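Fold and geometry: a report
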Amino acid sequence: LVKGNQVQNQAFNKAILAAWQDIFPESPLELSYYESHVKKQYKEDLGRSQLLISFCIWSLIIAFTGFIGLSTYTVSTQLRQIMIRRVIGASKMEILKLLMKGNNIGALIAGIIALPVSAYLFNFWVESYAYRVSFNFVSSIGILLAFFVVLATIVYIVARKTLTMNPSSVLKSE
């Protein structure tokens with residue numbers, strides 16, 4: 001390992017080659033710069049991170065599509081019950097809370113399980129790095145809360161059509 005100025009490449013390389021030939025005349029010299037090695041490593045890490053980001057985006061798309069399907073199925077199977085509650089006098093907000101409670105319990109349990117597991121996997125992943133960051137539970141809880149806001153929005157969008165329907169037309173047909 002030799003420290004040198006990369007701006008003066010030609011003279012530097014000739015001096016290193018001459019010194020190498022004096023000491024090891026039988027062995028060829030393989031020159032490589034530390035900066036190029038580090039750039040190559042960062043390029044590989046950048047490729048891995050882009051692949052990981054694309055997998056995360058696809059998994060979120062699949063998860064939200066599944067949650068939309070689950071919300072739609074839940075609302076359609078409970079349509080009669082929702083309309084009976086509306087006839088009895090339940091407000092739209094009470095019905096919406098009931099639907100959100102039913103759909104978000106599973107997501108809450110998954111989030112409670114996922115936080116410690118992700119903290120463990122994150123710490124396992126970064127323990128080999130010389131400079132590491134620690135797992136931030138506050139930002140993870142913030143992300144989890146943002147996820148619940150998105151889930152509540154999805155439930156509201158799916159249930160909005162049901163909440164504006166006339167209860168008598170639904171109860172008459174079933």
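A brief look at the structure comes next.

For the rest of this paragraph, the subject is the overall build of the protein chain. The helix and strand inventory of the protein chain stands at 6 helices and 0 strands. The order of helices and strands in the protein chain, counted from the N terminus, is α-α-α-α-α-α. Expected size for 174 residues packed as a compact globule is a radius of gyration near 16 Å; at 30 Å, the protein chain overshoots this value by more than 25%. When the backbone C-alpha atoms are referred to their principal axes, the protein chain occupies close to 100 × 25 × 25 Å. At a minimum sequence separation of 6, the contacts of the protein chain that also span at least 24 residues come to 66%.

Evaluation of the coordinates by the stated rule reveals 7 aromatic pairs. Look at phenylalanine 122 and tryptophan 125: their rings are 6.3 Å apart centre to centre, the planes differ by 75°, and that puts the pair in the edge-to-face class. Here the residue phenylalanine 122 and the residue tryptophan 125 both occupy positions in helix H4 (residues 92–126), the gap between them amounting to 3 residues, near one helical turn. Three or more aromatic residues joined by ring pairs form one cluster here, namely Phe122, Trp125, Phe135 and Phe137.

Tracing the backbone shows valine 138 in helix H5 (residues 137–163). The spatial distance from the C-alpha of valine 138 to the C-alpha of leucine 17 is 55 Å, given a sequence separation of 121 residues.

Of the positions making up helix H3 (residues 79–88), those classed as buried are Leu79, Ile82 and Met83. With its buried residues spanning 95° around the axis, H3 presents them on a single face. Immediately downstream of H3, the backbone of glycine 89 shows phi near 130°, a positive value.

The rules behind the values
Residues numbered from 1 in each chain as written. Predicted model: local features only at pLDDT ≥ 70, side-chain atom pairs only at ≥ 80, totals over all residues. Heavy atoms only, no water. Helix = DSSP H or I, 4+ residues; strand = E, 2+ residues; numbered from the N terminus. Rg over C-alpha atoms; globule rule 2.2 N^0.38 Å. Contact = heavy atoms within 4.5 Å. Phe/Tyr/Trp six-rings, centres within 6.5 Å; stacked < 30°, edge-to-face > 60°. Buried < 20%, exposed > 50% of the residue type's maximum accessible area, 1.4 Å probe, protein only. Arc of directions from axis to C-beta.

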